[in-house]
Structure formats: C-alpha cells, structure tokens
Amino acid sequence: MTTKTQKITAVFALLIAFALGMGTMCGCSYFTQEKVAAIHKTVGTVLDIAYTAGGATLVEQKIDAMVTDGKITHEQAVQLKAAAKKSYDALQKKLTELSIKDVAVEVPE
C-alpha cells in the first residue's frame, strides 16, 4: 500500500524525468555540426593556453619531485615527460581533426 506522500513523490519523479528527457532532446538538437566543431576548436585552444601558460611546467615539476622522492628513476622521468608531451600532442591533433571533420562543406554548382 502506498501513502499519499509516496504517490506525490512518484508523480514528481515522473515529471522530472519527462522534463530531463525533453531538455536533453532540445539540447541535442541545438548542437549542429558547426557548433560541435567550434566546441572542439575552443577546447583545443583552452588546453593549449593552459599547457603553455604553465601546465607543462607543473607536470615536469611533479615528475622531478617524484625523482627527488625516490619514486622513479631519472630515466623513467625522461620517459614520463616524453609520454606526457606525446599524449598532449595526440590530444591536440585529435581535437583539430574533430574541429575540421565535423563541418560539412557545401559547394554551389
């Protein structure tokens, strides 16, 4: 047997679920290919700014601190720094591809 409070809670839960579903559908239709490409480009730009403004230095300092603490060797630190740079470059490359690939180009005849 359900109480009045449980019934009200169930109705509100259904209404909230419906509202979230409608919001998701409306939100997804808002993102056109051009907007998704622009988002990828913006994310790439923000990451580049963060990386060049000190993110790379912070990563290297953390790796150097791990060497100082004896957690990794100097050789491992060199490899780890190279891997960090390689993964950053791969991420930027992928974001660049997505920012270009998502835009459909129409050429009038």
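The rules we used
- Residues numbered from 1 in each chain as written.
- Predicted model: local features only at pLDDT ≥ 70, side-chain atom pairs only at ≥ 80, totals over all residues.
- Heavy atoms only, no water.
- Helix = DSSP H or I, 4+ residues; strand = E, 2+ residues; numbered from the N terminus.
- Buried < 20%, exposed > 50% of the residue type's maximum accessible area, 1.4 Å probe, protein only.
- Contact = heavy atoms within 4.5 Å.
- Areas by Shrake-Rupley, 256 points an atom, 1.4 Å probe, with all protein chains shown as cover.
- Salt bridge = Lys/Arg side-chain N within 4 Å of Asp/Glu carboxyl O.
- Bend = angle between axes of the 7 residues up to and from the residue.
- pLDDT = per-residue confidence, 0-100.

It is not clear to me how the overall build of the protein chain should be interpreted in this structure. Could you clarify?
Each helix and strand counted, the protein chain has three helices and zero strands in total. Taken from N to C terminus, the helices and strands of the protein chain fall in the order α-α-α. Considering the protein chain as a whole, with its 109 residues, one finds that 13% of them fall into the buried category. Pairs at least 24 apart in sequence give 67% of the contacts found in the protein chain among residues at least 6 apart. Put simply, the protein chain shows about 8,900 Å² of open surface, and 68% of that area lies on carbon and sulfur atoms.

Before we go on, may I ask you to explain the environment of Thr45 in this structure?
Mapped onto the elements, Thr45 comes out in helix α2 (residues 33–68). For Thr45, a relative accessible area of 41% translates into the label partly exposed. Once the C-alpha coordinates of Thr45 and Leu95 are considered, the two residues, 50 residues apart in sequence, prove to be 9.4 Å apart.

So what exactly am I meant to see when it comes to the pattern of salt bridges here?
Close approach of charged atoms allows side chains of opposite charge to pair. According to the stated counting rule, one finds two salt bridges in the structure shown. With a closest N to O distance of 2.7 Å, Lys81 and Asp64 form a salt bridge. Note that Lys81 is positioned in helix α3 (residues 74–101) and Asp64 in helix α2, a separation of 17 residues in sequence. You can call Lys81 partly exposed: its relative accessible area is 27%. A salt bridge links Lys85 to Asp89; the nearest nitrogen and oxygen atoms lie 3.1 Å apart. Of this pair, Lys85 and Asp89 both sit in helix α3, four residues apart, which is roughly one turn of that helix.

What should I look at first to understand the side chain of Gln92 in this one?
Tracing the backbone through its elements, the reader meets Gln92 in helix α3. For Gln92, the contacting residues outside a window of four places in its chain are Gly44, Leu47 and Asp48.

Help me understand α2, please; the structure alone is not making it clear to me.
Residues spaced three or four apart along an α-helix face the same direction, because each turn holds 3.6 residues. At Thr52, α2 shows its maximal kink, close to 60°. Among the residues making up α2, those that are buried are Ala37, His40, Gly44, Gly54, Ala56 and Ile63.

I keep staring at the confidence of the model for the protein chain and nothing clicks. Help me out?
A low pLDDT means the predicted coordinates there should not be read in detail. Averaged over the protein chain, the pLDDT score is 79; the fraction of residues at 70 or greater is 83%. Here helix α1 (residues 4–30) stands out as the least confident element of the protein chain, with mean pLDDT 73; α3 is the most confident, with 86.

Before we go on, may I ask you to explain the environment of Lys93 in this structure?
If you trace the backbone, Lys93 turns up in helix α3. Sequence separation of Lys93 and Gly44 is 49 residues, and the distance between their C-alpha atoms is 8.9 Å.

In this structure, what is going on with the environment of Ile72? I would like to understand it.
Mapping Ile72 onto the fold places it in the loop between α2 and α3. Looking at Ile72, the relative accessible area reads 17%, which means it is buried. Ignoring sequence-local partners within four residues, the contact set of Ile72 consists of Ile63, Met66, Val67, Ala77 and Leu80.

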